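Descriptive structure summary
The lines below spell out each chain.
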Amino acid sequence: MVSAPSGTGKTTLCTNVRQTPDLIYSVSVTTRPKRPGEKDGADYFFQSKTEFENKLKEGGMLEYADVYGHYYGTPKAPVLQHLAEGRDVLLDIDVQGARQIRESKDPQIKASLADIFIMPPDLEELRRRLEGRGTENAKQIATRIAAADAEMADWKSYRYTILSSSMEEDLIKFRAIIRAERYLSRRLNLQNGS
Ligand code: 5GP
């Protein structure tokens, strides 16, 4: 599970990670409008508020949150299915969702969880990155900067924190964490282990 304030470069990182087959990216459901270039079913499942609320009522979400006035949620069934079949799943969710996942009573979620916070260098750099990507207007950028400030307060709740520098560096650190997590003794299922 990865969280990072908007503009930290996490989406680029996750896109990169998705190009390798060892991690399954969990595609979230959102009620926010599609951005240019985004694909339904790949970046998000774009749904109406009613569709989202129905899925929520049916118990179909592992977690959900209201982020910047829109709903975002993780569909439960595919995540549990992948974990049951021994595949690692990557969740890219905000700090509110992360809290819910940490509190999950599901034994599969508890056993597999590793959480990483990606910390932007500082708010000014974050502003530059958000302005540079040009997908939000000035008001939306201000909202995201304020939210980032609040999200950054939560970093200590995560087992790992990556201090974001270049995309390449962030990716190397991210990969190192995933690799080490896979060597945890409790995750190994040795035939002759006693
Ligand atoms: P964006 O609109 O920029 O794609 O994402 C905005 C925020 O929503 C990001 O912090 C992202 O991590 C978060 N987010 C994306 N999917 C989910 C989800 O399924 N659950 C939660 N709680 N947050 C999500």
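Think of each chain on its own: its residues are numbered from 1, step by step along the sequence as written. Where totals are concerned, whole chains, interfaces and linings use all residues; where local detail is concerned, this predicted model gives features only for residues with pLDDT of at least 70, and gives and counts side-chain atom pairs only at 80 or more. Calculated side-chain values reflect all of the structure's heavy atoms, with hydrogen atoms and water omitted.

Remarks on the site of the ligand
The test is simple: Here a residue is near a molecule or strand as soon as one of its heavy atoms is found within 4 Å of it. Pairs of N or O atoms within 3.5 Å make up the polar contacts considered here, provided that, within protein, one atom can donate a hydrogen while the other can accept it, and that residues adjacent in sequence are counted only when both atoms are side-chain atoms. Where accessible areas are quoted, they stem from the Shrake-Rupley method and a 1.4 Å probe; at the residue level, only the protein chains shown are allowed to cover.
Taken together, 17 residues lie around the ligand, and Lys10, Ser28, Arg32, Tyr44 and Tyr72 are the ones closest in. Here Arg32 contributes a side-chain N or O atom positioned 2.7 Å from an oxygen atom of the ligand. Here an oxygen atom of the ligand and a backbone polar atom of Gly73 are 3.1 Å apart. In the complex, the protein chains occlude 95% of the 510 Å² of accessible area that the ligand would expose alone.

Some points on unusual backbone geometry
The following threshold applies: The way it works is that DSSP assigns letters per residue, a run of H or I at least four long becomes a helix, a run of E at least two long becomes a strand, and they are numbered from the N terminus. Each residue is assigned to one of three classes by its accessible area relative to the maximum for its type, calculated with a 1.4 Å probe on protein chains only: buried under 20%, partly exposed between the two thresholds, exposed over 50%.
Phi angles above zero are rare outside glycine, and Tyr68 is one such case at about 50 degrees. Summarising the element assignment, Tyr68 is placed in the loop between strand E5 (61-67) and strand E6 (70-75). Relative accessible area serves as the criterion here: at 27%, Tyr68 is assigned to the partly exposed category.

Structural notes on the packing of helix H1 (residues 10-18) against helix H8 (residues 167-182)
Threshold: The angle between two axes is taken between their N-to-C directions and runs from 0 to 180 degrees, where each axis is a line fitted to C-alpha atoms and a helix contributes only its stretch in contact. Orientation categories follow fixed angle ranges, with anything under 35 degrees roughly parallel, anything over 145 roughly antiparallel, 65 to 115 roughly perpendicular, and all other angles oblique. We call a crossing left-handed when the near helix sits turned anticlockwise from the far one by less than a right angle, and right-handed when that turn is clockwise. Note on definitions: a residue-residue contact is assigned when non-hydrogen atoms from the two residues lie within 4.5 Å. Side-chain classes follow a simple rule in which Ala, Val, Leu, Ile, Met, Phe, Trp, Tyr, Cys and Pro form the nonpolar group, Asp, Glu, Lys and Arg form the charged group, and the remainder, Gly included, forms the polar group.
It is at 10 Å that the axes of H1 and H8 come closest, and there the two elements cross at 55 degrees. On the basis of their axis angle, the class for H1 and H8 is oblique. H8 is crossed by H1, and the crossing has right-handed handedness. Between H1, through Thr12, Leu13, Asn16 and Val17, and H8, the contact on the second element is made entirely by Met167, Asp170, Leu171, Phe174 and Arg175. Across the contact of H1 with H8, the residue classes break down as five nonpolar, two polar and two charged.

Quick look at the side chain of Thr30
With respect to the helices and strands, Thr30 occurs in strand E3 (residues 28-30). In this structure the side chain of Thr30 is engaged in a polar contact, spanning 3.1 Å, whose partner is the backbone nitrogen of Arg32.

Let's talk about the nonpolar core
Here is the rule we go by: Among the buried residues, those of types Ala, Val, Leu, Ile, Met, Phe, Trp, Tyr and Cys that are joined through side-chain atoms within 4.5 Å form a nonpolar core.
In terms of nonpolar packing, the biggest core is built from 17 residues, with Met1, Val79, Leu91, Ile101, Ile109 and Phe117 touching the most fellow members. The set of elements that each furnish at least two residues to this core consists of helix H3 (76-84), helix H4 (95-102) and strand E8 (116-119). With residues up to four places along the chain from it excluded, the contact list for Phe117 reads Ser3, Pro5, Val95, Glu151, Met152, Trp155, Tyr158, Tyr160, Thr161 and Ile162. Counting residues in hydrophobic clusters, the runner-up holds 16 residues, among them Val2, Leu90, Ile162 and Ile178.

A word on the side chain of Arg32
You can see Arg32 is positioned in the loop between E3 and strand E4 (44-46). We classify Arg32 as buried; its relative accessible area is 7%. Separated by 3.3 Å, the side chains of Arg32 and Tyr72 make a polar contact. When neighbours within four sequence positions are excluded, Arg32 is seen to be in contact with Glu38, Tyr44, Phe46, His70 and Tyr72.

A short note on the layout of surface pockets
Condition: Only protein atoms enter the 1 Å grid, on which a cavity is a set of points fitting a 1.4 Å probe that cannot get out and a pocket is an open set with protein on both sides within 12 Å along at least 5 of 7 lines, lining residues being those with an atom within 4 Å of a point. Grid points are joined across faces, edges and corners, and a volume is the space filled by probe spheres set on the points.
Counted as a void, the largest pocket has a volume near 920 Å³. In terms of lining residues, the largest pocket is bounded by 39 residues, among which Lys10, Thr11, Arg35, Tyr44 and Asp92 are the most central. Of all the secondary-structure elements, those providing two or more residues to the lining of the largest pocket are H1, E5, E6, helix H6 (123-133), helix H7 (138-152) and H8. When its residues are assigned to classes, the lining of the largest pocket shows twelve nonpolar, 13 polar and 14 charged. Put simply, the second largest pocket is a space of about 590 Å³. If you trace the second largest pocket, you find 26 residues lining it, with Leu83, Asp88, Ser112, Leu113 and Arg187 closest to the centre. Sorting the residues of the lining of the second largest pocket by element identifies H3, strand E7 (88-90), helix H5 (107-112) and H8 as the ones contributing at least two each. Partitioning the lining of the second largest pocket into residue classes produces 17 nonpolar, three polar and six charged.

A look at the sheet that holds E4
To keep it simple, the criterion reads: At least two bridges found by DSSP between two strands are what make those strands a pair.
Taken in spatial order, the four strands line up as E4-E3-E6-E5 in an open sheet, and their pairing is mixed. Two strands close off the open sheet at either side, each with one partner strand: E4 and E5. The mean inter-strand angle of the sheet, taken between neighbouring strand axes irrespective of direction, is 25 degrees. Judged from the two bridges that link them, E3 and E6 form a sheet pairing that is antiparallel. Considered in E6, the bridge of Val29 is made with Gly73. Against the sheet, helix H2 (residues 49-57) engages E3, E5 and E6, with an angle of about 40 degrees to E6.

In short, shape yes, function no, at least from these values alone.
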